[in-house]
Amino acid sequence: MVKVKVEFLGGLDQTFNGIKNLKLEIDGEEPKLIELINKLSNEYISNEKDFEMFIQEGTIRPGILVLINDTDWELEDKEDYILDDGDLISFTSTLHGG
Amino acid sequence: MENNTRKKEVKVGQLCQLCHCRKAVMKRPKNLQKLCKECFYHVFETEIHLTIIKEKLFYKGETIAIGASGGKDSTVLASIMKTLNERYNYGLNLVLLSVDEGIVGYRDDSLATVKRNQQQYQMPLEIVSYKDLYNWTMDEIVSCTGVKSSCTYCGVLRRQALDRGAIKLDIHHVVTGHNADDMAETVLMNLLRGDAARIESSVNVTTNSIGSPVKRSKPFKYTYQKEIVLYAHYKKLDYFSTECTYAPEAFRGTARVLLKNLESVRPSCIIDIIHSGGHFKLKPKRIRTNTPKKNIPQNTNNNNKNKHNNNNNTDKEIEIRPDGSVSIVKDGNRCERCGYLSMNKICKACILLQGLEANRPKMIIGESLTSSSDGAAKLSKTLEGLSF
Ligand SMILES: [Zn+2]
Ligand SMILES: [Zn+2]
């Protein structure tokens, strides 16, 4: 089991009932980031219409920035990144008004 | 911090491709370069500086109003303008200029952010409100017209409000936080609705409407939204991010989704679209009033002959602008009602307000702005192009 912190920024908290910060435990020895993403979308989005604000074609919607400990997930294997204790995963919408 | 129990080694492939000594934290969408935070700041800031220098956006001693909404783009713009002004000695006087549309809950919070920015960046702040300028708040307008056309109204009114705020402060140059993504979106929107005439001008770094006393510039023309968000995040800038209470422009939303999907396949597409947009040139259409039936010349030979003729008859000519409207006097026209510079007898804002007062906005706008009244689509098309 791995304990991680999650942040929703840039207005994305609206998709998650106004939640900005979360602490989560993910089961398994070496859980991947995709498991966290699935958990978030299955358990924390109450309005079904908001689902596609976060997920598109099985992964994070384009226009949402994913940072793993402040590093762009594109540099960290994206969905296949293996979560570590204490990781901070932030999801930032770049789509909300500037 | 002792957060990470197993300390991860940094592999050579994870190093910054500029300094080769720190771990890369981001990948530039423009060229896929992997950079560390420090190098990213440097590249990001320098690129905007080079745009400012290359396009000769400012002169020394100029006073610039920064259109500030409290959102990420304008907050980063204010921060960058302050940084570059000090670093490169631009000699600019910077002022924050905000528009209060009068949207309870949305604008209150974002204006609070702008007020904090004022303290953080030590710049004077001027707020102009729709209520003061037009005697209508956006909330009142929406309760009268419905949500659907709110962005159209707001766009027209905001553009004029920024100009009026600037003039009030005797400032003749406003910079806004429009970025590369916004520009590419606008190009796509104009392309998708067949508005070829607007494509080229929509990617101009500076716009200066004929006779307008206020110039507009976009120092972020080549700056990706993703990098603006990353910069704000890493620098921990204080910005406000909630979508306007009223529905965003539906059509822009469509263009944005398309663009984001394109970007995920090929990140350079945003710059490519702006580049293509800039090369989209249309021949100006001209007709002569004394021979109105004569058509536009077909080949270059005729074109040259006509040019010669035109030179002799300039005062008999009328110009057809890309949006189909006709100018009779070239510039310096003023709105009969409010005195604001306008191509038409009555400016767009006054037409909208007149419609509101009569409580029948749609009919009146339809008659005044479109030659053939074929519905709301054309109306919003005409109006959307006015705001930017
Ligand atoms: Zn570096
Ligand atoms: Zn007027």
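For clarity, every value in this text was computed on a predicted model and none was experimentally measured. (Residues numbered from 1 in each chain as written. Chains lettered and ligands numbered in written order. Predicted model: local features only at pLDDT ≥ 70, side-chain atom pairs only at ≥ 80, totals over all residues. Heavy atoms only, no water.)

A. Seen up close, the overall build of chain B. If you tally the helices and strands in chain B, you get 15 helices and 11 strands. Counting across all 388 residues of chain B, residues that qualify as buried make up 46%. Intrachain contacts of chain B at a sequence separation of at least 6 include 68% that bridge at least 24 residues. (Helix = DSSP H or I, 4+ residues; strand = E, 2+ residues; numbered from the N terminus. Buried < 20%, exposed > 50% of the residue type's maximum accessible area, 1.4 Å probe, protein only. Contact = heavy atoms within 4.5 Å.)

B. A look at the coordination of the zinc ion (ligand 2). Residues and elements named next belong to chain B. Every protein donor of the zinc ion (ligand 2) is listed here as Cys335 (SG), Cys338 (SG), Cys347 (SG) and Cys350 (SG), and their distances to the metal cover 2.2 to 2.3 Å. Classification of the site at the zinc ion (ligand 2) rests on its four donor atoms, whose angles at the metal span 105 to 115°, yielding the label tetrahedral. Each donor residue of the zinc ion (ligand 2) lies on the same chain, and together they follow the pattern C-x2-C-x8-C-x2-C. Taken as a pair, Cys335 in the loop between strand E11 (326-327) and helix H13 (348-357) and Cys347 in the loop between E11 and H13 lie far apart in primary sequence, 12 residues in all. Its relative accessible area of 4% is what places Cys335 among the buried residues. (Donors = N, O, S within 2.8 Å, 3.2 Å for Na, K, Ca; no water. Tetrahedral: all angles 85-135°; square planar, octahedral: opposite > 155°, others 65-115°.)

C. Examining the interface of chain B and chain A more closely. With 33 residues of chain B at the interface, the matching set in chain A holds 33 residues. Here chain B and chain A share an interface that buries about 2600 Å² over both sides, 44% of which is from carbon and sulfur atoms. For the interface between chain B and chain A, the tally reads five salt bridges. Taking the shortest distance from any N to any O, the salt bridge between Lys226 of chain B and Asp72 of chain A comes out at 2.8 Å. The interface formed by chain B and chain A includes 10 residue pairs in polar contact (both at pLDDT 80 or more). Going through the elements one at a time, strand E1 (26-27), helix H2 (72-87), helix H9 (225-234) and helix H10 (250-265) of chain B are the ones with two or more residues in the side of chain B that touches chain A. It is H9 of chain B that contributes the most residues to the side of chain B that touches chain A, six residues altogether. Looking at side-chain class alone, the side of chain B that touches chain A contains eight nonpolar, 13 polar and 12 charged residues. (Buried area = accessible area lost by both parts, 1.4 Å probe. Salt bridge = Lys/Arg side-chain N within 4 Å of Asp/Glu carboxyl O. Polar contact = N/O pair within 3.5 Å; in protein donor to acceptor, adjacent residues only side chain to side chain. Nonpolar A, V, L, I, M, F, W, Y, C, P; charged D, E, K, R; others polar.)

D. Inspection of the packing of aromatic side chains at higher detail. If you walk through the whole model with that rule in mind, you get 14 aromatic pairs over all chains. Pairing Phe8 of chain A with Phe16 of chain A gives two aromatic rings, centres 3.9 Å apart and planes at 10°, and the pair type is stacked. A residue is classified by how much of its surface remains accessible, and Phe8 of chain A, at 1% relative accessible area, is buried. Between Tyr41 of chain B and Tyr231 of chain B, the aromatic rings sit 5.7 Å apart at their centres with planes inclined by 80°, giving edge-to-face as the arrangement. Linking Tyr41 of chain B in helix H1 (residues 37-54) with Tyr231 of chain B in helix H9, this pair joins segments that are 190 residues apart in sequence. You'll find Tyr41 of chain B and Tyr231 of chain B in the same group, each marked buried. Linked through ring pairs, Phe40, Tyr41, Phe44, Tyr231 and Tyr234 of chain B together constitute an aromatic cluster. Directly above the aromatic system of Tyr41 of chain B lies the positively charged group of Lys235 of chain B, at a separation of 4.3 Å from the ring centroid. (Phe/Tyr/Trp six-rings, centres within 6.5 Å; stacked < 30°, edge-to-face > 60°. Lys NZ or Arg CZ within 6 Å of the ring centre and 35° of its normal.)

E. Quick peek at the sheet that holds strand E7 (residues 88-93) of chain A. Taken in spatial order, the five strands of this open sheet run E2-E1-E7-E5-E6 (chain A), and their pairing is mixed. With partners counted over all chains shown, the strands left at the sheet margins are strand E2 (21-26) and strand E6 (71-72) of chain A, one partner each. Strand direction decides the pairing type here: strand E1 (residues 2-9) of chain A and E7 of chain A, joined by five bridges, are parallel. Considered in E7 of chain A, the bridge of Glu7 of chain A is made with Ser90 of chain A. Running at roughly 120° to E2 of chain A, helix H1 (residues 33-43) of chain A makes contact with E1, E2, strand E5 (64-68) and E7 of chain A of the sheet. Of the strands in this sheet, E1, E5, E6 and E7 of chain A touch H9 of chain B, which is tilted by about 40° from E5 of chain A. (Pairing = 2+ DSSP bridges. Axes fitted to C-alpha atoms, helices over the stretch in contact; angles between N-to-C directions.)

F. Inspection of the packing of helix H6 (residues 150-168) of chain B against H13 of chain B at higher detail. All names here are of chain B. Where H6 contacts H13, the axes come no closer than 9 Å and their chain directions differ by 130°. Classified by the angle their axes make, H6 and H13 are oblique. In terms of crossing hand, the pair formed by H6 and H13 is left-handed. Across the interface between the two elements, Tyr153, Val156, Leu157 and Gln160 of H6 pack against Lys348, Ala349, Leu352 and Leu356 of H13. Residues of the contact of H6 with H13, tallied by class, amount to six nonpolar, one polar and one charged. (Parallel < 35°, antiparallel > 145°, perpendicular 65-115°, else oblique. Left-handed = near helix turned anticlockwise from the far one by under 90°.)

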